[in-house]
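One letter stands for each residue in the lines below.
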Amino acid sequence: MIPNVVTIDLGALRHNLFEIKRLAGPNTRILAVVKSDAYGHGMIPVAKTLESAGIDYLGVFELEEGLELRKAGCEVPILIMMGITSDEVSAVVEHGLTPALFQLDIAGKLSRISAEQGKVTPVHVKVDTGMTRLGVFSGDLPNFLKQLLPLKGIQVEGIFSHLAVADRPDDPFTDQQIRRFQEAVEECRRLGVFRGIVHVANSGALLGNKGLDLGVARPGILLYGAPPAKGWAAAASFKPVMGFKSRVIQIRTVPPGTSVSYGRTYITQEECTIATIPVGYDDGYSRLLSNNGEVLIHGRRVPVVGRVCMNLTMVDVTGVEGVAVGDEVVLLGAQGEERITAEEIATRIGTINYEVYCTIGKSNRRVYIDS
Ligand SMILES: Cc1ncc(COP(=O)(O)O)c(C=O)c1O
């Protein structure tokens, strides 16, 4: 069997939830974002762990994910953050899910089907305060809610918005968005068209202590033990949940002038010891790490040499004592005193840690551990 394994540490996940609760304070409930297979960590085991640790709500992107969670026995409220299409209404009502809502035609159908079944479906209205992605513009919120008022079978349990730059602590746009959001919500309360919960705080807002007084926070990346961007000292107490390991499958010493991998982009300058590991871009190890990445062997950093292939990568282990076939290689995570973070990989390849987790997590066999 291929020795590659993504490890998911559920103990670290519980620790991160605890840290989030500590930062958010006792009066803030937590909606854990587990969309996209829990950022590559595996939605069901992550959701089950969070549920048994007392999570208040779960957030997914689309209906399918919500249905999977219900099938797996998750009973907590589940918010479908993308909203739903007309043909998904019946499933939402049947399985007691909570859709984001921003279209009146969907509201009408939800109302009709819920009322027919004698049910009340909770919805959270999505407000666009500056992402220009999804939702009712904040200025249109009071009018939107007024139109929902006569509809039986639905209850506006919540209103939420999403922040565009909360990962940048000094950007004033976050405060502007939160102010716009709060004003719209207060206007709706004043008009008597809303009495529910509100939430806006993603991981960046949580770390920056913004939007927490609203009563619910909605973090994703912090749960998985990573900061939303570089430079957040407050994220240091969080523990990375994902690791990625492989093993050496061949090792050779080659003379100077030897080319390594496709394209001959690396030529040895001296006698080198080259180890081959069965990880490639098909395993989520980006080809942009060619001649650019580092991995850990025997607790030491060694460079990727030549191009990352579809299923294989070569590293230069010259000078590392006694490397042998079968030795553990850490591509993400810690070995000895060294650690390779998703943030490091992201910086090397010009992306964000979110994408590194999603890609590596989805492309490999996952093993769950509990530290
Ligand atoms: C609507 C919404 N809320 C919350 C989050 C969580 O964001 P973060 O992972 O930065 O905490 C996301 C993530 O993309 C999102 O789309």
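Our subject is the structure that appears above.
What comes next is a walk through the structure. Please read these numbers as outputs of a predicted model, since none were measured by experiment. (Residues numbered from 1 in each chain as written. Predicted model: local features only at pLDDT ≥ 70, side-chain atom pairs only at ≥ 80, totals over all residues.)

A separate point is the site of the ligand. The environment of the ligand is made up of Val33, Met81, His162, Asn202, Ser203, Gly204, Arg218, Pro219, Gly220, Ile221 and Pro228. Tallied by class, residues from the shell around the ligand come to five nonpolar, five polar and one charged. (Near = placed C-beta within 6 Å. Nonpolar A, V, L, I, M, F, W, Y, C, P; charged D, E, K, R; others polar.)

So, on to the environment of asparagine 209. Of note, asparagine 209 is situated in the loop between α9 (203-207) and β10 (215-217). The class for asparagine 209 is partly exposed, based on 14 C-beta atoms found within 10 Å. Measuring from C-alpha to C-alpha, the distance between asparagine 209 and cysteine 272 comes to 51 Å, with 63 residues separating the pair along the chain. (Helix = DSSP H or I, 4+ residues; strand = E, 2+ residues; numbered from the N terminus. Buried ≥ 20, exposed ≤ 12 C-beta atoms within 10 Å, placed from the backbone.)

With a phi close to 55°, tyrosine 39 is a non-glycine residue in the positive phi region. Along the chain, tyrosine 39 turns up in helix α2 (residues 35-40). Not every positive phi belongs to a glycine, and asparagine 291 is a case in point at roughly 50°. With respect to the element layout, asparagine 291 can be found in the loop between β15 (272-277) and β16 (294-297).

Leu58 and Val125 are the most contacted members of the largest nonpolar core, which has 111 residues in total. If one sorts the elements of this core by residue count, helix α1 (residues 10-24) sits on top with six residues. For this core, the domains that each give at least three residues are domain 1 (10-223) and domain 2 (242-369). Excluding its chain neighbours within four sequence positions, the residues that come into contact with valine 125 are Leu101, Phe102, Val136, Phe144, Leu145, Val156 and Ile159. (Core = buried A, V, L, I, M, F, W, Y, C linked by C-beta atoms within 7 Å. Domains from an automatic or database assignment. Contact = placed C-beta atoms within 7 Å.)

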